[in-house]
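Notes for the structure review
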Amino acid sequence: MKLTPFVTITILLLTPVLSLTAQADEPKEHELTAKLNLTSNYLWRGVTQTQDQAAVQGVIKYQASNGIILATGVSNIDFGEPQGTGYEQDWYIGYRYQAESVSWQAGYRYSSYPTNDGHNFGDLEARVKWDILTGGVAYTTNTDESPTIEENSGDLYVYLNAVWPVEGLIVGGRLGHYSRTRAGVPSYNHLQLYLRTEGFKFAVNKTDLDGTDGDVRVWVSWAKHFELL
C-alpha cells in the first residue's frame, strides 16, 4: 500500500503523542547554541554538494522551553558547470516535544542559494525519535527550479536512522529513500554507516544512482559546539 505524504507525516506526528505517558525534565527557558563543522565532503541525502571537495559549515540555533526552534546555517557548495560555486543558507522554524523515551519534531526548512539562481526550495519536515531509532520524512512544498511551482514540488524523502553506543564510540547508520517527481530526475536509495566520537565522524556512503553519484564515498568531519546563551 502506497502512503500519501500527508498520511505518512500524520502517522509520524501522532504515534508518539498517543504513546507518551510522562514529561521529560524541564529544559532551559532559552537556549542559543552554535556549531562549527569542517567536513571533507558535503553530502546531502547521499549526494555530494561540493564536487567531493571540503566544506566549512556553521549553524546557529535558538530553542525555547515551550518547544519552539529557530535556526539558520550556511555552507559552501559547488554544483559544477554550469551552476558553479557559491554558498547555501538554510532557514528553519519548528516545534519539538520531548518525553522520557520518545520525542517528535516538525518544522519547515527553506534552503536558499543566493549565488545560484533558481535552486531555492522549501521542505516540510517531521521526525520521531525512540530509543536508538529515528524515523523521518521531508516533503518538498515549493521550489524555484521551474517557472511553475507545481512541476517540481511533491518530492518525498523518508529515512530511518539508528545509533549504538559501543565502548566510547557511537556506531550509526541511515537508510534513506528520495522519491522525486521531476521528469528526468531519478529517485534513489542511499545508505550511510558511520563512527562518531569527541566531535569527529567517519562515514561511508553509497547510493544506487548511476554514474559517479552512485560511487562509494568515504568522508570525515569535525564539529565543535558552543553555548551562546
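Look up: the structure comes first, before these words.
These lines cover the structure that appears in this document, whether it is placed above or below. In this text the structure is predicted, and so the values were computed from the model without any measurement. One numbering rule holds for all chains: residues counted from 1, following each sequence as written. Only residues with pLDDT of at least 70 get local features here, since the model is predicted, and only at 80 or more are side-chain atom pairs given and counted; chain-wide, interface and lining totals rely on the full set of residues. Values shown for side chains rest on all heavy atoms present in the structure; no hydrogens or waters enter the calculation.

Description of the packing of aromatic side chains
In summary, the pairing rule links any two rings of Phe, Tyr or Trp, Trp by its six-membered ring, whose centres are within 6.5 Å, and it sorts them by plane angle into stacked for under 30 degrees, edge-to-face for over 60 and tilted for everything else. Applying the stated rule across the entire model yields seven aromatic pairs. An angle of 85° between the planes, with centres 5.8 Å apart, marks the rings of Y157 and Y178 as edge-to-face. Within this pair, whereas Y157 is found in strand 10 (residues 156–166), its partner Y178 is found in strand 11 (residues 169–179), the two being separated by 21 residues in sequence. Throughout, exposure labels follow a simple rule: accessible area from a 1.4 Å probe, protein chains only, divided by the maximum for the residue type, with under 20% read as buried, over 50% as exposed, and the rest as partly exposed. Look at Y178 and you get buried, because its relative accessible area is 4%. Positioned above the aromatic ring of Y159, the side-chain terminus of R174 is 4.0 Å from the ring centre. Secondary structure elements follow DSSP: runs of H or I no shorter than four residues count as helices, runs of E no shorter than two count as strands, and numbering proceeds from the N terminus. Our definition puts a charge over a ring when NZ of Lys or CZ of Arg is within 6 Å of the ring centre and also within 35 degrees of the ring normal.

A word on the pairing of strand 4 (residues 55–64)
Two strands pair under a simple rule: DSSP has to find at least two bridges between them. Across ten bridges, strand 1 (residues 30–39) lies against strand 4 in antiparallel orientation. Following the sheet pairing, L38 is matched in strand 4 by V56. With seven bridges joining them, strand 4 and strand 5 (residues 68–78) adopt antiparallel strand pairing. Counted as the bridge partner of Q63 is I69 from strand 5. Between strand 4 and strand 5, which pair antiparallel one after the other, the connecting turn spans three residues, and G67 there sits at a positive phi close to 100°.

A few points about unusual backbone geometry
The omega torsion of the bond from E81 to P82 falls at 5°, within 30 degrees of zero and hence cis. A positive phi is found at R45, a non-glycine position, where the angle reads about 55°. Considering the arrangement of structural elements, one finds R45 in the loop between strand 2 (43–44) and strand 3 (47–48). Here the phi dihedral of D131 falls at roughly 55°; this positive angle occurs in a residue that is not glycine. Locating D131 in the fold gives a position in the loop between strand 8 (121–130) and strand 9 (133–143).

Some words on the side chain of T48
With respect to the helices and strands, the residue T48 is situated in strand 3. A distance of 2.8 Å separates the side chain of T48 from the side chain of N41, its partner in a polar contact. Polar contacts involving the side chain of T48 include one to the main-chain amide nitrogen of T50, which spans 3.2 Å. Contacts are assigned to residue pairs with any non-hydrogen atoms lying within 4.5 Å of each other. Not counting residues up to four positions away in its chain, the partners in contact with T48 are N41, Y42, L43 and R217. Two N or O atoms count as a polar contact when they lie within 3.5 Å, although within protein this holds only if one can serve as hydrogen donor and the other as acceptor, and sequence-adjacent residues are included solely when both atoms are side-chain atoms.

Quick word on the sheet that holds strand 9
In space, the twelve strands of this closed barrel follow the order 1-4-5-6-7-8-9-10-11-12-13-14, with antiparallel pairing throughout. Going from strand to strand, the sheet's axes swing by 20° on average, the running direction of each strand aside. In this sheet, strand 14 (residues 217–227) lies alongside strand 13 (residues 200–207) in antiparallel orientation, the contact comprising six bridges. Across the sheet, the residue bridging to A203 is W219, located in strand 14. Between the N-to-C directions of two axes lies an angle of 0 to 180 degrees, each axis being a line fitted to C-alpha atoms and, for a helix, fitted only over the stretch in contact.

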